[in-house]
Amino acid sequence: MDIPDRLIALQQAADSEHAKLAGLADAERETQWKHWYEAAVTVQAAVTDHAREAGLSRAELESAVKKAVRHPAPADG
């Protein structure tokens, strides 16, 4: 499945915001959670839009995006 670079970048941003939650508590955690939530909403909307436009399964596209970000294939070389 061909995944647009924009979806990869958005998922990377959401994952980065989520990782920042580690070790936070109280107000700091709540603030960071809001940053992560907004990033997650953005990537979900983009995946939904792209799936609709490309005639793809939304669930399959989401899975492919997450796999590409979290478990990238080794680079050729």
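Residues numbered from 1 in each chain as written. Predicted model: local features only at pLDDT ≥ 70, side-chain atom pairs only at ≥ 80, totals over all residues. Heavy atoms only, no water.

**Quick word on the side chain of glutamate 17**
Then step 1. Counting through the fold element by element, glutamate 17 comes out in helix α1 (residues 5–19).
Then step 2. A polar contact is formed between the side chain of glutamate 17 and the side chain of lysine 20, at a distance of 3.3 Å.
Then step 3. Here the side chain of glutamate 17 touches glutamine 32 through a polar contact of 2.6 Å, side chain to side chain.
Then step 4. For glutamate 17, the contacting residues outside a window of four places in its chain are Gln32, His35, Trp36 and Ala39. (Helix = DSSP H or I, 4+ residues; strand = E, 2+ residues; numbered from the N terminus. Polar contact = N/O pair within 3.5 Å; in protein donor to acceptor, adjacent residues only side chain to side chain. Contact = heavy atoms within 4.5 Å.)

**Considering the nonpolar core**
Then step 1. One finds Ile3, Leu7, Val43, Val47, Leu61 and Val65 to be the most contacted residues of the largest nonpolar core, which totals 14 residues.
Then step 2. Counting residues per element, the ones that place at least two in this core are α1, α2 (26–54) and α3 (58–70).
Then step 3. The biggest single contributor to this core is α2, with five residues.
Then step 4. Apart from the residues within four sequence positions on either side, valine 43 is in contact with Leu7, Leu10, Gln11 and Ala14. (Core = buried A, V, L, I, M, F, W, Y, C linked by side-chain atoms within 4.5 Å. Buried < 20%, exposed > 50% of the residue type's maximum accessible area, 1.4 Å probe, protein only.)

Just geometry here; none of it tells us what the structure is for.
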